[in-house]
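Here are the chains, one letter per residue:
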Amino acid sequence: MSTLDTILEDARSHLERLEPHEVLALEDVLVVDIRPAHNRLAEGEIENSVVVERIVLEWRLDPAGDWRLPGFTADTTVVVVCNEGWASSLAARDLQRVGLPNATDLVGGYRGWRAAGLPIREGGSQPVV
């Protein structure tokens, strides 16, 4: 097992990862897309998701931070989405560390969501900076 595999396994051990249909059923949820612009343009985005560049993710989602996005609290379930559900696990772990105990990620990532036939929109939304 590589060091990265160990880090990923540790991150996921603290997450209650969600399947696409489970996310769709949630009411108090913030879906955060951290995928690069070229992927979002080519493949689309999850309806009602917010695009946040990975480099500013913790600052925009720190529930007590001066730079945080409006519309969520420390109790909100935040679901991080990447392409296939790998980088999002690490990002969700980091969000838990900044004060979002319900942060998690999407099993299968955006591609799992799309394969499940769930609502998407055209890609290319401007990220929160």
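Below is a short write-up of the structure. (Residues numbered from 1 in each chain as written. Predicted model: local features only at pLDDT ≥ 70, side-chain atom pairs only at ≥ 80, totals over all residues. Heavy atoms only, no water.)

Attention shifts here to helix H5 (residues 87-97). When we look at burial in H5, the residues that qualify are Ser88, Ser89, Ala91, Ala92, Arg93, Asp94 and Leu95. On its buried face, H5 sits against helix H1 (3-12), helix H4 (57-61), strand E4 (77-81) and strand E5 (104-105). (Buried < 20%, exposed > 50% of the residue type's maximum accessible area, 1.4 Å probe, protein only. Helix = DSSP H or I, 4+ residues; strand = E, 2+ residues; numbered from the N terminus. Contact = heavy atoms within 4.5 Å.)

Each pocket or cavity is described by its volume, and for the largest pocket that value is around 160 Å³. Along its surface, the largest pocket is lined by Val23, Leu24, Leu26, Val29, Val31, Ile46, Glu47, Asn48, Trp113 and Pro119. At the level of secondary structure, the elements contributing two or more residues to the lining of the largest pocket comprise helix H2 (20-25) and strand E1 (29-33). Across the lining of the largest pocket, the residue classes break down as 8 nonpolar, 1 polar and 1 charged. (1 Å grid on protein atoms, 1.4 Å probe; cavity = no way out; pocket = protein on both sides within 12 Å on 5 of 7 lines; lining within 4 Å. Points joined across faces, edges and corners; volume = space filled by probe spheres on them. Nonpolar A, V, L, I, M, F, W, Y, C, P; charged D, E, K, R; others polar.)

What follows is about the sheet that holds strand E3 (residues 50-51). Strand order in the open sheet made by the 4 strands is E3-E1-E4-E5, with parallel pairing throughout. Edge positions in the open sheet fall to E3 and E5, since each of these has one partner strand only. Sheet topology places E1 next to E4; 5 bridges connect them, and they run parallel. Opposite Asp33, over in E4, you have Val81 as the bridge partner. Set on the sheet, H5 makes contact with E4 and E5; between it and E4 the angle comes to about 150°. (Pairing = 2+ DSSP bridges. Axes fitted to C-alpha atoms, helices over the stretch in contact; angles between N-to-C directions.)

Once that is clear, we can look at the pairing of E4. The element E4 is largely enclosed, with a buried count of 5 among its 5 residues. Every second residue of E4 is oriented toward a common face, with Thr77, Val79 and Val81 on one face and Val78 and Val80 on the other, all of them buried. Sheet analysis places E4 next to E5, joined by 2 bridges and oriented parallel. Looking at E5, one finds that Val79 is bridged to Thr104.

All we've got here are geometric facts, nothing functional implied.
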